[in-house]
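Geometric and topological summary
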Amino acid sequence: MPLYPFGATIFVLLMRLLGTSICRALFSFVCTLWLLFAPTSFTQEESAAAPLPVYEFHSGFWLNLHHTLYRVARSQRSSSSATSPAAVNAGIANLSPGEQRAWSAAVAFYSKTYADKDLTVSLEMILVKNQLGDFETCEDLAGLKKKSCDAGLPAKLTETLNAAAPVYRAHLWQEHDRANRRWIAAVAPLVRRNGLDLAHRLAEIYQTNWPRERIRVDVTSYASATGAYTTLDPLRVTVSSFDARNQGTEALEVLFHEASHGIADSVQDAIFRECRQREKPIPRDLWHALLFYTTGEVVRPVAQNATDPARATSSAGSYSGYVPYAVREGLYKRGWENYLRVLTQYWQPYLDGNVTFEDSIAHMVSAL
Ligand SMILES: [Zn+2]
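Below, the structure is looked at part by part.

What counts, and at which threshold
- Residues numbered from 1 in each chain as written.
- Predicted model: local features only at pLDDT ≥ 70, side-chain atom pairs only at ≥ 80, totals over all residues.
- Heavy atoms only, no water.
- Disulfide = S-S within 2.5 Å.
- Helix = DSSP H or I, 4+ residues; strand = E, 2+ residues; numbered from the N terminus.
- Buried < 20%, exposed > 50% of the residue type's maximum accessible area, 1.4 Å probe, protein only.
- Axes fitted to C-alpha atoms, helices over the stretch in contact; angles between N-to-C directions.
- Parallel < 35°, antiparallel > 145°, perpendicular 65-115°, else oblique.
- Left-handed = near helix turned anticlockwise from the far one by under 90°.
- Contact = heavy atoms within 4.5 Å.
- 1 Å grid on protein atoms, 1.4 Å probe; cavity = no way out; pocket = protein on both sides within 12 Å on 5 of 7 lines; lining within 4 Å.
- Points joined across faces, edges and corners; volume = space filled by probe spheres on them.
- Nonpolar A, V, L, I, M, F, W, Y, C, P; charged D, E, K, R; others polar.

1. Observations regarding the state of the cysteines
In the structure shown here, the tally under the stated rule is 1 disulfide. In this model Cys138 forms its disulfide with Cys149; the gap between the sulfur atoms is 2.0 Å. Torsion about the S-S bond of the Cys138 and Cys149 cystine: about -85°, corresponding to left-handed handedness. Taken as a pair, Cys138 in the loop between helix H7 (123-134) and helix H8 (155-171) and Cys149 in the loop between H7 and H8 lie far apart in primary sequence, 11 residues in all. Using a relative accessible area of 4% as the deciding quantity, one classes Cys149 as buried.

Written as structure tokens, this is what we have:
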């Protein structure tokens, strides 16, 4: 049985004003427990001290269960062995007949109801995700033990999750929660060391401010096919602790790329404006390619320094050191070749301080 069966909140402050003793303590389980029981005093102290973004990491039981069922339902649907027990039980073994029935019924419900929906764009999936995050400390989602724990989700979903919960808790949650906490513990020192500078730089590049609210990061075993995604209003990041693309110093880039979704309006607006003036169609996902490029370039020296200080200053124009996510994962080779060209030619000079934001966007749009 894990120590905290229903999830936990861990804060990473980009500002170091609370003092190193608290910062260091943030990642011990004792402090996590303290945060859970004393959130009010912490929030007051923090809001006075932290005008820059604060990541709030969660490893929540219900969202992890939800994503696990979604993943299993999708993989079951896409595999030829649609009805095989092995597909239904992916990653889960030694079930009793009762557990097997509850788990199979939950997977079947997810297959029918959610497997076709995209976690990252379906409003229904986003609302369910946010709600499950908000109710992560509840023992059940129907308010059976505590009235305030009635999450108001569709009845069938509540019933399904409540029925699958004991199976998940007994067989998978401990492993998932441990991986989530490990991931948080690994990324936290990187954020503490570099977060303040990165946050300042990104806000400066996008000519905007970070939202004052804490940025909630839900760490889950699975987080969509891309390994991480972000939803807006409210700004929330979801990151997979298991995904190979999110490990080591790469986690820092993933985290700041995702959070940058919340401050990218200026880029989208500028691209839109330029296109309208030139009566050109808006280049699909140019803003997103720009976000990948920018986070990669901003994080690169920091990440390189973290892994191999001796090579930190070498070959600024090539990728002999840290390789940004979009390059590593071949995003520019899958239809974004022209975007890489204009980003390198017209956006990089802006990052280097040689042209203005507006001129850079105007050049990119006109060159496409
Ligand atoms: Zn993105």
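2. A look at the packing of helix H9 (residues 173-205) against helix H10 (residues 250-260)
Packing of H9 against H10 leaves a shortest axis separation of 9 Å and a crossing angle of 50°. One finds that H9 runs oblique with respect to H10. H9 and H10 meet at a crossing whose hand is right-handed. For the pair formed by H9 and H10, the contact residues are Trp183, Val187, Leu190, Val191, Asn194, Gly195, Leu198, Ala199 and Leu202 on the first element and Ala251, Leu252, Leu255, Phe256 and Ser260 on the second.

3. Notes on the layout of surface pockets
In this structure, the largest pocket encloses a volume near 780 Å³. Every element with two or more residues in the lining of the largest pocket is listed here: strand S4 (228-231), H10, helix H11 (265-277) and helix H12 (286-307). The class makeup of the residues in the lining of the largest pocket is 11 nonpolar, 9 polar and 8 charged. Roughly 350 Å³ of internal volume is contained in the second largest pocket. Considering the residues around the second largest pocket, the lining is formed by 19 residues, among which Pro211, Glu213, Asp233, Pro234 and Leu235 are closest to the centre. Mapped by element, the contributors of at least two residues to the lining of the second largest pocket are strand S3 (215-220) and H11. For the lining of the second largest pocket, the per-class residue count stands at 7 nonpolar, 4 polar and 8 charged.

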